[in-house]
Amino acid sequence: VFNIKPSSKRNIKTAAYKKNLNYLNNILIDRKSEKLKTLIYIPPLLNASEKEEIPYEWIEYRNFKNQIEDLCSNYVNCNFYNFESIVPNSLWGFKESTSFSKNNFKEIDFMHFTFKGHEILANNFLKIFINNKFIK
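Basis of the calculations
- Residues numbered from 1 in each chain as written.
- Predicted model: local features only at pLDDT ≥ 70, side-chain atom pairs only at ≥ 80, totals over all residues.
- Heavy atoms only, no water.
- Helix = DSSP H or I, 4+ residues; strand = E, 2+ residues; numbered from the N terminus.
- Buried < 20%, exposed > 50% of the residue type's maximum accessible area, 1.4 Å probe, protein only.
- Disulfide = S-S within 2.5 Å.
- Expected span 1.5 Å × (residues − 1).
- Arc of directions from axis to C-beta.
- Contact = heavy atoms within 4.5 Å.

(A) Focus on unusual backbone geometry. The backbone of Lys35 shows a phi angle near 55°, a positive value even though the residue is not glycine. Examined against the element boundaries, Lys35 turns out to sit in the loop between helix H1 (14-33) and strand E1 (38-42). On the basis of relative accessible area, Lys35 is assigned to the exposed category, the value being 70%.

Dropping the structure here:
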């Protein structure tokens with residue numbers, strides 16, 4: 001009906017985005033006062049590793065990443081990581097088609113990757129936790 005596909009470009013909803021940035025900043029302020037370490041990361045994103053089309057407007061997405069990294073850099077105990085390209089495209093999942101057509105087919109799921117992709121992400125977190133002495 002709306003011709004929306006998993007690959008359709010998603011724009012940032014400005015009001016909600018600004019509100020969420022403000023909430024994140026407040027969390028970082030609270031954690032700073034309690035001297036707690038904070039880990040902020042950009043999650044894996046389909047096509048990021050192959051530099052192909054992503055489901056976001058490229059300039060908005062790039063600005064989002066930069067704003068999050070800049071915000072984190074304002075706080076000593078905030079560690080920023082960009083995991084957007086750690087899960088190869090071959091490890092992303094498929095889901096039932098969102099189309100109303102009778103040709104039900106599987107389409108790429110831009111939001112979920114496979115078990116192996118989760119292992120890659122978990123191993124990256126584990127390294128970070130060990131290196132920052134969150135765990136032994």
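Past the structure itself, the notes keep going.
(B) Structural context of the state of the cysteines. Inspection of every chain in the model, using the stated rule, returns one disulfide. The disulfide bridge from Cys72 ends at Cys78, spanning 2.0 Å between sulfur atoms. Taking the torsion about the sulfur-sulfur bond, which here is approximately -115°, the covalent link between Cys72 and Cys78 counts as left-handed. When its relative accessible area of 1% is taken as the criterion, Cys72 is described as buried. Of the residues examined, Cys78 reaches a relative accessible area of 9% and is grouped as buried.

(C) View of helix H2 (residues 58-73). In this model H2 runs 23 Å from its N-terminal to its C-terminal C-alpha over 16 residues, within 8% of the 22 Å that 1.5 Å per residue would give. For H2, the set of buried residues is Tyr61, Lys65, Ile68, Leu71 and Cys72. Across the axial projection of H2, the buried residues extend over an arc of 135°, all falling on one side. Turned more than 90 degrees away from the buried face of H2 sit Ile59 and Ser73, all of them exposed. Tucked into the core, H2 has its buried residues touching H1, E1 and strand E2 (78-82).

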